[in-house]
Amino acid sequence: MRVPAVAITGIGVVSPYGVGRDRFWQHVRRGCSATQTITEFDASPYGCTVAAPVPHVTIDDAMAIEERAPGLPAERGGRPDPRRYSRASLIAVIAASEAWRDAGLRAGEPGAGVIVGSGAGGIDVAERQYGDYYSGDYHRVSPYAIPVSIVGIVSSEISIALGLRGPSHVLSTGCTSSTDAIGYAAGMVRHGEADVVVTGGADACATPGMLFGFGRMRAASTHFNDRPTEASRPFDRDRDGFVLGEGAWILTLERLDRARARGARVYATVDGYGSTCDAYHRVQMDPEGVEIVRCMQIALSRAGRQPGDIGYVSFHGTSTVLNDAVESRCVRQVFGAVADRVPGSSIKSMIGHPQGASGAAGIVASAMALAEGMLPPTINLQNKDPDCNLDYVANLARRASVDFALCNCLGFGSKNSAIVLGRT
């Protein structure tokens, strides 16, 4: 029995460049860094003073949330109250609204579900509200503090905003959250468990507590505080850690035959998903990379593809010393004799590391690359690390007609995920 193909028919984005898919793609194509000096709070005690945050967004932003299906709790039929959103939920709703309209779907589509990934959910609300509590300002603690800050509310806000009454879930597997969400969502569509699934990821965790925590781990870049746009530099020998990023990258998935029957635009197909665990360490990846290799091989096998079929690799590429070298070595092992002929890049060089949303960011960029024949660059790659010896599309975008892309995502807790996309 032939397995149905799963199509990406809508894309919505809120990125460090602002609101909108086209704005994101245009900046990425041009190799524009979104990293900047942190101004929302005093970051000087944390070592790292740079990040790639999402600009201030409101309910009234360009995605016209009022076009959603009716119904927000406590203001049903009325204007949504932005105080009852975390930043992650707000940008997720805005991106989902764009993806939904981009797909040409109607409000309240029957049989539609939501599966999104988020690493930290409403961490901004939690930090503020616990700060008020521990400082004794009890009257400032909102009765909405818990429901607004929990990770699971992100999918619910999308379901409410779009009137979607199918399954509504959040996967929180760290950095791999959104890749896993897209993999699970594609499986639901493929096996007829939902006609349409809104999926992807959202995280907004450039917050004092998160920056402090990553600083204590010595995971964040500290050597480029005076040159923010140069701080994220995957595969470069001078890299010294990642840059915290933020954003929401949301897709609509449906069966390819259904999409074609209704005349929908198809950006790409989700052809295969793999997931493994090193079972090695809560923070560090296994330097041997055995399970990273197996993860990519599983995704390729499920997509029915060989390494030679792949024309582009979306690297996880965080700009950390060990991770970039290990991932490069694993990609070389998977691709073998053709490794030097397969270009790849890390868009984290431009948008930083948006944590649980990072996989979806790479998948969106890859889908756009397949659709438009333009590979995004890895910027700030001035002196390639000898341990990173592949083609990383250094500094300038490259025209190329690509049929299949492999999108990697690696995370804390030894998790590895990969998705193969195809061009239609």
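To start, this report covers the structure provided alongside it.

The rules behind the values
Throughout this description, residue numbers start from 1 for each chain and increase along the sequence as written. Where totals are concerned, whole chains, interfaces and linings use all residues; where local detail is concerned, this predicted model gives features only for residues with pLDDT of at least 70, and gives and counts side-chain atom pairs only at 80 or more. Excluding hydrogens and water, the side-chain figures rest on all heavy atoms present in the structure. To obtain each axis, a line is fitted to C-alpha atoms, and for helices this fit is confined to the stretch in contact; angles are then taken between N-to-C directions over 0 to 180 degrees. Where helices and strands are cited, they refer to DSSP runs of H or I of at least four residues and of E of at least two residues respectively, numbered from the N terminus. An angle counts as roughly parallel when it lies under 35 degrees, as roughly antiparallel when it exceeds 145, as roughly perpendicular when it falls between 65 and 115, and as oblique in every other case. By definition, residues are in contact when any of their heavy atoms lie within 4.5 Å. Note on residue categories: nonpolar means Ala, Val, Leu, Ile, Met, Phe, Trp, Tyr, Cys or Pro, charged means Asp, Glu, Lys or Arg, and polar means any other residue, Gly included. Any two rings among Phe, Tyr and Trp, with Trp reduced to its six-membered ring, count as a pair given centres within 6.5 Å; such a pair is stacked if its planes are under 30 degrees apart, edge-to-face if over 60, and tilted if neither. Each residue's exposure class comes from its accessible area (1.4 Å probe, protein chains only) as a fraction of the maximum for that residue type: buried when under 20%, exposed when over 50%, partly exposed otherwise. The working definition used for a salt bridge is a side-chain nitrogen of Lys or Arg within 4 Å of a carboxyl oxygen of Asp or Glu. With a 1 Å grid laid over protein atoms only, a set of points is called a cavity when a 1.4 Å probe fits there but cannot get out and a pocket when it is open yet has protein on both sides within 12 Å along at least five of seven lines; lining residues have an atom within 4 Å of a point. Grid points are joined across faces, edges and corners, and a volume is the space filled by probe spheres set on the points.

1. Description of the packing of helix α1 (residues 21-30) against helix α12 (residues 358-372)
Where α1 contacts α12, the axes come no closer than 11 Å and their chain directions differ by 80°. The angle between α1 and α12 places the two elements in the roughly perpendicular class. Every residue of α12 that contacts α1 at R21, F24, W25 and R29 is listed here: A361, V364, A365, M368, A369 and E372. Considering only residue class, the contact of α1 with α12 consists of 7 nonpolar, no polar and 3 charged.

2. So, the packing of aromatic side chains
Following the criterion strictly, the structure yields 13 aromatic pairs and no others. Between Y17 and F24, the ring centres sit 6.5 Å apart and the planes meet at 40°, which makes this aromatic pair tilted. On the basis of relative accessible area, Y17 is assigned to the buried category, the value being 10%. Joined through ring pairs, the aromatic side chains of Y130, Y133, Y134 and Y138 make up one cluster.

3. Side note on the pattern of salt bridges
Pairs can form between side chains of opposite charge whenever their charged atoms are close. One pass over the full model with this rule turns up 19 salt bridges. Across the pair D22 and R21 runs a salt bridge whose closest N-O atoms are separated by 3.2 Å. The exposure class assigned to D22 is partly exposed, which follows from its relative accessible area of 40%. Residue R87 is joined to E246 by a salt bridge in which the shortest nitrogen-to-oxygen separation is 2.7 Å. Of this pair, R87 sits in helix α2 (residues 87-102) while E246 sits in the loop between α7 (208-217) and β8 (247-255), and the two are 159 residues apart along the sequence. On the accessibility criterion, R87 (30% relative accessible area) is partly exposed. A residue is classified by how much of its surface remains accessible, and E246, at 0% relative accessible area, is buried. Salt bridges sharing common partners tie together R106, E109, E254, R258 and R262.

4. Considering empty space enclosed by the protein
This structure, assessed with the given rule, holds 1 cavity of 30 Å³ or more. Here the largest cavity is characterised by a volume of approximately 70 Å³. Taken together, 13 residues line the largest cavity, and the ones lying closest to its centre are F315, I347, K348, S358 and G362. When residues of the lining of the largest cavity are traced back to their parent elements, those giving at least two are α11 (348-351) and α12. Residue contributions to the lining of the largest cavity peak at 4 residues, all from α12.

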